[in-house]
Number of protein chains: 2
Amino acid sequence: MNNNRYCVVMCGGVGTRFWPFSRQGRPKQFLDFFGTGRSLLQMTVDRILPVVNPDNIILVTNREYYDIIREQLPEVKESNILLEPARRNTAPCVCWAAKHIYAMNPDAAIVTLPSDHIVLKEDAFRKAIEEGFEFVEQGNRLLTLGIKPSGPNTGYGYIQQGEMEKDFSEIFKVKAFVEKPNIEMAEMFVNSGEFFWNAGIFLWTAHSILEAFDKYAPEIAQTLSAPDGVYASSKEPQFIDQKFPNCVNISIDYAIMEKAHNVYVKTVEFGWSDLGTWKALFQSSPRNSDGNVTQNTKVITTDCEDSIFAAEGNKIIVAAGLKNYIVADTEKALLIYPLNEEQKIRNIVNDVKSRFGEEFI
Amino acid sequence: MNNNRYCVVMCGGVGTRFWPFSRQGRPKQFLDFFGTGRSLLQMTVDRILPVVNPDNIILVTNREYYDIIREQLPEVKESNILLEPARRNTAPCVCWAAKHIYAMNPDAAIVTLPSDHIVLKEDAFRKAIEEGFEFVEQGNRLLTLGIKPSGPNTGYGYIQQGEMEKDFSEIFKVKAFVEKPNIEMAEMFVNSGEFFWNAGIFLWTAHSILEAFDKYAPEIAQTLSAPDGVYASSKEPQFIDQKFPNCVNISIDYAIMEKAHNVYVKTVEFGWSDLGTWKALFQSSPRNSDGNVTQNTKVITTDCEDSIFAAEGNKIIVAAGLKNYIVADTEKALLIYPLNEEQKIRNIVNDVKSRFGEEFI
């Protein structure tokens, strides 16, 4: 295994879209959605392990998730867990991780992964990552993966491909990054064959991305600039606690990818979903003969169709007459809601918070 | 207070009709359905206390409910809790309680109450009980209360009134007891004005009911016949453990009331319900402005009507689009079912038991 290859797993996100399953204290990445015994985060690490030395896996998370990270990934070295003292979106996180890794190994190449997505075709995923590493190790290049769209999804940002790179498989210059489109735009994108979903999976060398920060986001680079011997040493946590909160709150896409000229996309197809909604979860899950998704839950249904049932713990759900519903049950809350209206859940969570307090969300 | 008056509260019943709220280990009488902090059993005792000396309240229950009885009614004397070693319906239970009370006080009069009903007009209830005591204390008479029907309910047995007793308020000879009727019969009953619901509330003297057992159910009377000095002594529990299981399994209605000639009904109206079904509970409970019953539960509903929401513990329910539903949530089970199909719940409970085991029912 190439010991210069590193993986940064970003696992500090909050999330209430899967309320009541995901809560402030336990966001989506820590949940075992499929009842396999492994959370999305654990599956993310499992998936990359054949490609990257275990000691080269770095987790960046918020300080408040330290305990759950330790519990879910006891095999990760203590010094490989980077605890953000404040939430500053992805750009400061990526910059810190790059500086940390560069201090250990200036020849490092890095794949950066979100921790709350699913990948059904893991071999194709790993092949893409390895081909991506080979591409970025050969020059000053920033690479993002573009997922071949399965439909005109309006919930994702899109990447437009430009000229193909010779000698590499399905790698193109990026022509444009596009925000989440409306449905007419999304249909045009998909029909054109030129647009791909932005999955937030990036590859680069530590050197390339730090150079890009110096050039396109110098305020972050300077805020996190430390004397030699700070990063990857016992002085790092204190330095970060002081400096990191001063970083601007900005995504890596805005800060770097949309500005830089050496940005490439590798187009891939490996059964990816960001599981951003209950509907996405429903579509990614196996159904029983009634067309219902029952996750890991004991369910007896009568006249129920196209619904998703999920309960925490050893509990039984008995239901009748529900069509196209979410039934999600936890210790603190029960949600019974039409799948097609799930965009309202965010407002409901705010309503719950203001009427009944933080403990329920 | 008349110290010859006793109350027997029958609280040994099982019940799965309110599954998942009522379970084998915790039947309906022990539940706080209305979130008042008092179970149906506790409310039954509270309701009779102004009429009967607390030391004259006798609880008859199954041995397995001893702990929950002690927890819910710590003020009841230990020797006033009669623990049945086996389930034998109401006749053996009534006979035992009468023998127990007669041994303490041969002049005793007894009101026998189910423990799982509700009464909205408690003053009217107590007035009826006191008038009933006065009636049975004046002669060898067995009195049952007949509830003025609020509609043609097919879930109750009916009592047909005969000739009115002079000098007593609304007391009649019983012309007939009638089993649960079909809907056409029930409508005829209600229109006639002669039929009343059989609420299972009885009054008599200990002497009268024991004489009736000797005459109409001699096998029970003989099985429970003990030498002087056994009942109301430390020898009673052992005697009962040996003899009680030999009694036939039969209700007091079949064994005595339908046979005896000295049976009377006092017709009453005090906001009674046996809460035999979720629908009965729904109808007995205050509704919010959407026509929903939310019990003691935190609920946020959108587009829900005529539904009942009940959750154990400090939990929130968020629901949309449910019309005429039961949503009942406990630690072990969640039921989401149309109120109009609740008669199917009994079969479902059997299904749950056979597929997933006793622990869920």
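A. Expanded view of helix α8 (residues 236-243) of chain B. Residue and element names in this part refer to chain B. Taken residue by residue, α8 has E236, F239 and I240 as its buried positions. An end-on view of α8 places all buried positions within 95 degrees of arc, on one side of the element. Where α8 is buried, its residues meet β3 (81-84), α3 (90-104) and α7 (218-223).

B. Local environment of the relation of the copies chain B and chain A. Expressed as a screw transformation, the operator carrying chain B onto chain A has a rotation angle of 179 degrees and an axial translation of 0.0 Å, and the superposed copies differ by an RMSD of 0.1 Å. As the rotation angle and translation indicate, the two copies are arranged about a two-fold axis. Ranked by how close their C-alpha atoms come to the rotation axis, the residues of chain B are headed by E331 of chain B, at 3.8 Å. Most of the interface of chain B is mirrored in chain A, where 100% of its interface residues again form contacts.

C. The interface of chain B and chain A, seen in detail. Between chain B and chain A, the contact holds 33 residues from the first and 33 residues from the second. Of all residues in chain B, I316, V318 and L334 of chain B bury the most surface against chain A, accounting for 23% of the area lost on that side. In this structure, the connection of chain B to chain A is made through two salt bridges. The residue K315 of chain A makes a salt bridge to D329 of chain B at a minimum N-O spacing of 2.6 Å. On the surface where chain B and chain A come into contact, there are 22 residue pairs in polar contact (both at pLDDT 80 or more). Elements that contribute at least two residues to the side of chain B that touches chain A include exactly β12 (298-302), β14 (316-320), β15 (325-329), β16 (333-338) and α11 (345-356) of chain B. If one sorts the elements of the side of chain B that touches chain A by residue count, β16 of chain B sits on top with six residues. Residues that form the side of chain B that touches chain A fall into these classes: 21 nonpolar, four polar and eight charged. As paired strands, strand β16 (residues 333-338) of chain A and β14 of chain B are joined by four bridges and run parallel to one another. By the bridge assignment for β14 of chain B, L334 of chain A is matched with I317 of chain B.

D. Expanded view of the side chain of Q161 of chain A. Residues and elements named next belong to chain A. For Q161, the position within the fold is in strand β7 (residues 158-164). A relative accessible area of 16% means that Q161 is categorised as buried. Residues within four places of Q161 in sequence aside, it is in contact with F172, K173, K175, G193, E194, F196, V265 and T267.

E. Region of interest: the environment of Y231 of chain A. Residues and elements named next belong to chain A. With respect to the helices and strands, Y231 occurs in the loop between α7 (218-223) and α8 (236-243). Residue contacts for Y231: discarding those within four places in its chain leaves W96, K99, H100, A103, L224, A226, E236, F239 and I240. A distance of 2.6 Å separates the side chain of Y231 from the backbone oxygen of L224, its partner in a polar contact.

What counts as what
- Numbering of residues starts from 1 in each chain and follows the order in which that chain's sequence is written.
- The naming scheme follows written order: chains are lettered A onward, ligands numbered 1 onward.
- It should be noted that, the model being predicted, local features are given only for residues of pLDDT at least 70 and side-chain atom pairs only at 80 or more, the latter also being counted only at that level, while totals for whole chains, interfaces and linings use all residues.
- Side-chain descriptors were evaluated using all non-hydrogen atoms of the structure, hydrogens and water having been removed beforehand.
- In this scheme, a residue with accessible area under 20% of its type's maximum is buried, one over 50% is exposed, and one in between is partly exposed, where area comes from a 1.4 Å probe on protein chains only.
- Secondary structure elements follow DSSP: runs of H or I no shorter than four residues count as helices, runs of E no shorter than two count as strands, and numbering proceeds from the N terminus.
- Directions drawn from the helix axis to the C-beta atoms are what define this arc.
- Whether two residues are in contact is decided by their heavy atoms: any pair within 4.5 Å suffices.
- Here the copies are matched by least squares. The fit uses the C-alpha atoms of residues with pLDDT of at least 70 in both.
- As a working definition, buried area equals the accessible area (1.4 Å probe) given up by two parts on being put together, with both sides summed.
- Each salt bridge in this description consists of a side-chain nitrogen of Lys or Arg and a carboxyl oxygen of Asp or Glu lying within 4 Å of one another.
- In protein, a polar contact requires one atom able to donate a hydrogen and another able to accept it; more generally it is a pair of N or O atoms within 3.5 Å, and residues adjacent in sequence count only if both atoms are side-chain atoms.
- Put simply, Ala, Val, Leu, Ile, Met, Phe, Trp, Tyr, Cys and Pro go in the nonpolar bin, Asp, Glu, Lys and Arg in the charged bin, and everything else, Gly too, in the polar bin.
- For two strands to pair, DSSP has to find at least two bridges joining them.

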